[in-house]
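As a plain string of letters, each chain reads:
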Amino acid sequence: MDVRGCWITVNRSCNLRCKWCYAKSSEYDLDNSMDFTLFKKLVDIATDLKVKNFLLIGGEPTIHPDFFQFLRYLKNNNLKHIIVSNGVKFASRNFCLKVQKYGGDVSVDISLKGISSSDYKENTGHDNFCEVIQAIKNLRELEIKHSISYVITAENVASISLFFKRLRDAGITEHVNLAFCNPALNLDGAFENSFVNNTQVELANSFSKEYKKIETENYSLRDSAPLCLQNEDFIQDMLHAGKIATSCHVHTRRGLIFDTKGELLLCNSLVGFNIGKFGIDYNDAQSLEKFWDSPYVVSLYQKLSNLPSSDCLNCDKKQYCAGGCCIQYFNNSFDDLKKIYAKYREV
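Residues numbered from 1 in each chain as written. Predicted model: local features only at pLDDT ≥ 70, side-chain atom pairs only at ≥ 80, totals over all residues. Heavy atoms only, no water.

**Q** I'd love a proper account of the sheet that holds strand β8 (residues 244–245), names of residues and values included.
**A** For sheets, the rule is that strands pair by backbone hydrogen bonds, running either parallel or antiparallel. In space, the ten strands of this open sheet follow the order β8-β7-β6-β5-β4-β3-β2-β1-β9-β10, with mixed pairing throughout. If you trace the sheet from one side to the other, it starts and ends with β8 and β10 (264–265), each paired once. Across five bridges, the pairing between strand β3 (residues 80–85) and strand β4 (residues 106–112) is parallel. Within β4, the position partnered with His-81 by the bridge is Val-106. Along the sheet face, helix α6 (residues 160–169) touches β4, β5 (146–152), β6 (176–180) and β7 (219–222) and points at about 155 degrees away from the line of β6. (Pairing = 2+ DSSP bridges. Helix = DSSP H or I, 4+ residues; strand = E, 2+ residues; numbered from the N terminus. Contact = heavy atoms within 4.5 Å. Axes fitted to C-alpha atoms, helices over the stretch in contact; angles between N-to-C directions.)

**Q** An account of unusual backbone geometry is requested, with residue identities and associated values reported.
**A** Look at the link from Gly-58 to Gly-59: it is a cis peptide, with omega at 15 degrees. Examined against the element boundaries, Gly-59 turns out to sit in the loop between β2 (53–57) and α2 (67–76). Of note, the phi angle at Glu-143 is positive, near 55 degrees, even though the residue is not glycine. Note on placement: Glu-143 falls in the loop between α5 (129–141) and β5. Its identity is not glycine, yet Ala-322 carries a phi of approximately 55 degrees, on the positive side. Among the structural elements, Ala-322 can be located in the loop between α12 (318–321) and α13 (334–346).

**Q** A description of the environment of Asp-316 should follow, citing residues and the corresponding values.
**A** Secondary-structure assignment places Asp-316 in the loop between α11 (295–305) and α12. You can call Asp-316 exposed: its relative accessible area is 57%. Spatially, the C-alpha atom of Asp-316 lies 8.9 Å from that of Cys-228, the residues being 88 residues apart in sequence. (Buried < 20%, exposed > 50% of the residue type's maximum accessible area, 1.4 Å probe, protein only.)

**Q** So what's going on with the layout of surface pockets? Which residues, and what values?
**A** The space that makes up the second largest pocket amounts to roughly 170 Å³. If you trace the second largest pocket, you find 13 residues lining it, with Ser-26, Asn-32, Asp-259, Val-271 and Gly-272 closest to the centre. Among the residues making up the lining of the second largest pocket, the classes are represented as four nonpolar, six polar and three charged. (1 Å grid on protein atoms, 1.4 Å probe; cavity = no way out; pocket = protein on both sides within 12 Å on 5 of 7 lines; lining within 4 Å. Points joined across faces, edges and corners; volume = space filled by probe spheres on them. Nonpolar A, V, L, I, M, F, W, Y, C, P; charged D, E, K, R; others polar.)

**Q** Can you lay out the environment of Leu-229 for me, pointing to particular residues and giving the numbers?
**A** By secondary structure assignment, the location of Leu-229 is in the loop between β7 and α8 (232–241). When its relative accessible area of 5% is taken as the criterion, Leu-229 is described as buried. Taking the C-alpha atoms as reference points, Leu-229 and Ala-245, 16 residues apart in sequence, are found 16 Å from one another.

**Q** How would you sum up the pattern of salt bridges? Please name residues and give values.
**A** A full pass over the atoms with the stated rule returns 14 salt bridges. For Lys-19, the salt bridge is made with Glu-122, and the minimal N-O distance between the two is 2.9 Å. With Lys-19 in the loop between β1 (5–9) and α1 (36–48) and Glu-122 in helix α4 (residues 117–124), this residue pair connects regions lying 103 residues apart in the sequence. We note a salt bridge from Lys-338 to Asp-311, for which the minimum N-O separation is 2.9 Å. Here Asp-311 lies in the loop between α11 and α12 and Lys-338 lies in helix α13, a separation of 27 residues in the sequence. Residues joined by salt bridges that share partners form a network here, namely Asp-2, Arg-4 and Arg-254. (Salt bridge = Lys/Arg side-chain N within 4 Å of Asp/Glu carboxyl O.)

**Q** Tell me what's going on with the nonpolar core, and back it up with residues and numbers.
**A** Within soluble globular proteins, side chains that are nonpolar tend to cluster in buried spots. One finds Ile-8, Phe-39, Phe-90, Leu-178 and Phe-207 to be the most contacted residues of the largest nonpolar core, which totals 108 residues. By residue number, the principal contributor to this core is α1, which donates seven residues. Excluding its chain neighbours within four sequence positions, the residues that come into contact with Phe-39 are Ile-8, Val-10, Met-34, Leu-56, Phe-70, Tyr-73 and Leu-74. (Core = buried A, V, L, I, M, F, W, Y, C linked by side-chain atoms within 4.5 Å.)

**Q** Describe in detail the environment of Ser-220, supporting the description with residues and values.
**A** Of note, Ser-220 is situated in strand β7. Once the C-alpha coordinates of Ser-220 and Ser-287 are considered, the two residues, 67 residues apart in sequence, prove to be 38 Å apart. Those residues within four positions of Ser-220 in sequence are excluded, and the remaining contacts are His-175, Val-176, Asn-177, Leu-178 and Lys-243.

**Q** Got a sec to walk through α13? Specific residues and values, please.
**A** Given a rise of 1.5 Å per residue, 13 residues ought to cover 18 Å, and the 19 Å separating the end C-alpha atoms of α13 matches this to within 8%. Within α13, burial applies to Phe-334, Leu-337, Ile-340 and Tyr-341. Viewed along the axis of α13, the buried residues span an arc of 120 degrees, placing them on a single side of the element. Exposed and facing more than 90 degrees away from the buried side of α13 are Lys-339, Lys-343 and Glu-346. (Expected span 1.5 Å × (residues − 1). Arc of directions from axis to C-beta.)

As structure tokens, then:
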């Protein structure tokens, strides 16, 4: 079982209400949280399977009442871990000092939600822009390892160069990890309304018209659209500069994702669609490995990671993108995306 990383969803509650949240279907339930006993058990299972890298996700993990117990347990087991956060709590220097105690094995990934106070209010329901900028400065000053992420949407793609200018004006020069807004599903299998006008192909081709305006080289892009349905010059530029990443752990089966009750998920965007339950399908490393290699799980991954079109078979970009994010094909066929791409080529 060749698993490189483990995502542990410690809660679904959050102090923001982002438009593009992939976990809207969880309704931010305060009671939908992982208890510390289960957390320890899942970490132990993953480490028995030789996993060394962990990501704490939510919801918003920093508001979990056992947050620092989680960090302590990971540190005591010498495990590297990334806290994926909206950054609000890190605006407090005292909070950062508590995190600092856990040393070099902890890193913080701050997800920025806008480029101004009004932008934050519009996107999240709260004005936290200044707080999150302060959070990044706190992490830098206290030498806590950190990174910055920013989601590209139909609403902000045309202002991506302004985003980097605003960061520079605020004294933020760290590397930024960009990603296109990932599609997410309702429990009925349809896209969340917020994602209908955010197909990966549309976002990729809109971004390809804007990226040369960005006045810094300090960024990279996770591109989840099929590379063949994007501007060729853009793709070659990004590949040559080493600024683009494409396929994900779903294509390689190298990531474990645990939801709050120990359910196993195929993808973070498939909240509510668990493929196995702790205590029923697995309860230790041996039973999880057996379940992981069962025909049921293997077939699910095969279905998700199948190439979306016969066009992909002889494509020279197949090695990079594997057809793009598999979730986009739940509501759009490859031919649908080709039609969208044709509109961009006509412009």
